[in-house]
Amino acid sequence: MRDFLSGILDKLSELEFDFQYNQGIILTEYDLQCLLFHKIYELFSHDVNTFDADIKGSPLHAELKFFDDKGKLYYRPDLTIIKPENYSIIHSIAEFIIKDNKIHFKATSSKQFEFCGDSIIIELKYCRAKTGIRKIERFKADLKKIKEIKGLVERDGVTKVYGIVAIFNKTDKKSDELMDFIRSSENDDDIKVIYYTGKVKI
């Protein structure tokens, strides 16, 4: 899964270039999410066998929910990449019973699908203010979310979670606090915090 990180980061850089060339393409955070989804779609095959071999699926998904430590569907990252063979839209993949020498999987949770295994989580933030980025609480919250998901998922000692917090700024006005925040994560190999700008002059 880590191998996809560099490709995604390349696509984010491409998106920044597009943004600087067409400075009106991003009006909202949802625009940013859709544009990145479109950009990275080509990195993956989208007809891959899921856990149920007769059903095919894609690695790339938007707003997949993760359970918190109380078993509630609490976390919802913007984009998530998972291996199709690690999810089912029919039944649970972790809970089952053996009856008449056959494995019978239990029903899915309320989200109507189940997944496990390695993943890449992408959180996107867009600042459209003319004054640029001053406060960074939202970015800290996204990083905290990824770290909490990572801590919960990796408890099995096998599964890995990687993350990207991509901060897009319409202008290139930014606080020292933001740059300090980004620098504080530079040595983290699993979670990247990266700044991008449209360089709009206001």
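So, a few notes on the structure that sits alongside this text. (Residues numbered from 1 in each chain as written. Predicted model: local features only at pLDDT ≥ 70, side-chain atom pairs only at ≥ 80, totals over all residues. Heavy atoms only, no water.)

## Thoughts on the packing of aromatic side chains
For any pair of aromatic rings, the description rests on two quantities: the centre-to-centre distance and the angle between the ring planes.
At step 1: Following the criterion strictly, the structure yields seven aromatic pairs and no others.
At step 2: The interplanar angle of 20 degrees and the centroid separation of 6.3 Å between the aromatic rings of Phe-113 and Phe-115 together place this pair among those described as stacked.
At step 3: For Phe-115, a relative accessible area of 14% translates into the label buried.
At step 4: Measuring from ring centre to ring centre gives 4.8 Å for Phe-168 and Tyr-196, while their planes differ by 20 degrees; the resulting arrangement is stacked. Of this pair, Phe-168 sits in strand β12 (residues 161-169) while Tyr-196 sits in strand β13 (residues 191-197), and the two are 28 residues apart along the sequence. For the residue pair Phe-168 and Tyr-196, the accessibility class agrees, reading buried in each case.
At step 5: An aromatic cluster is defined as three or more aromatic residues linked by ring pairs; in this entry it consists of Phe-66, Phe-113 and Phe-115. (Phe/Tyr/Trp six-rings, centres within 6.5 Å; stacked < 30°, edge-to-face > 60°. Buried < 20%, exposed > 50% of the residue type's maximum accessible area, 1.4 Å probe, protein only. Helix = DSSP H or I, 4+ residues; strand = E, 2+ residues; numbered from the N terminus.)

## Section: the packing of helix α1 (residues 3-21) against helix α2 (residues 29-41)
At step 1: Remark: α1 packs on α2, axes separated minimally by 10 Å, with the N-to-C direction vectors making an angle of 125 degrees. For the element pair α1 / α2, the angle class is oblique. Seen from above, α1 lies across α2 with right-handed handedness. Where α1 abuts α2, its residues Ile-8, Lys-11, Leu-12, Glu-14, Leu-15 and Asp-18 lie against Leu-32, Leu-35, Leu-36, Lys-39 and Ile-40.
At step 2: Broken down by class, the residue content of the contact of α1 with α2 amounts to seven nonpolar, no polar and four charged. (Axes fitted to C-alpha atoms, helices over the stretch in contact; angles between N-to-C directions. Parallel < 35°, antiparallel > 145°, perpendicular 65-115°, else oblique. Left-handed = near helix turned anticlockwise from the far one by under 90°. Contact = heavy atoms within 4.5 Å. Nonpolar A, V, L, I, M, F, W, Y, C, P; charged D, E, K, R; others polar.)

## Quick notes on α2
At step 1: For α2, built from 13 residues, the straight-helix expectation of 18 Å at 1.5 Å per residue is met to within 8% by its first-to-last C-alpha distance of 18 Å.
At step 2: Listed as buried for α2 are Leu-32, Gln-33, Leu-36, Lys-39 and Ile-40. Down the axis of α2, the buried set is contained in an arc of 130 degrees. They therefore lie on one face. Facing away from the buried surface of α2 by more than 90 degrees, the exposed residues are Tyr-30, Cys-34 and His-38.
At step 3: Of the surrounding elements, those touching the buried residues of α2 are α1, β3 (60-62), β6 (79-82), β11 (119-127) and β12. (Expected span 1.5 Å × (residues − 1). Arc of directions from axis to C-beta.)

## Focus on the environment of Ile-89
At step 1: By the secondary structure assignment, Ile-89 is in the loop between β7 (87-88) and β8 (96-99).
At step 2: Considered as a pair, Ile-89 and Phe-51 are 38 residues apart in the sequence and their alpha carbons are 8.7 Å apart.
At step 3: Leave out the neighbours within four places in its chain, and Ile-89 touches Asp-52, Ile-55, Gln-112 and Phe-113.

## Describing the sheet that holds β13
At step 1: What the five strands build is an open sheet, ordered β3-β6-β11-β12-β13; its pairing is mixed. Each of the sheet's edge strands pairs with one partner strand only, and the pair in question is β3 and β13. Taken over all neighbouring pairs, the strand axes of this sheet differ in orientation by 20 degrees on average, direction set aside.
At step 2: Sitting on the sheet, α2 touches β3, β6, β11 and β12, and the angle it makes with β11 is about 140 degrees.
At step 3: Contacting β11, β12 and β13, helix α3 (residues 137-153) crosses the sheet at an angle of about 170 degrees to β11. (Pairing = 2+ DSSP bridges.)

## What to know about the pattern of salt bridges
At step 1: Counted according to the given criterion, the structure contains 17 salt bridges.
At step 2: When the shortest N-O distance is used, the salt bridge between Arg-183 and Asp-180 registers 2.6 Å. Pair noted here: Arg-183 and Asp-180 are both in helix α4 (residues 176-183), with a separation of three residues, about one helical turn.
At step 3: Among the ionic contacts, a cluster of salt bridges with common partners joins Arg-2, Lys-150, Glu-154, Lys-160 and Asp-190. (Salt bridge = Lys/Arg side-chain N within 4 Å of Asp/Glu carboxyl O.)

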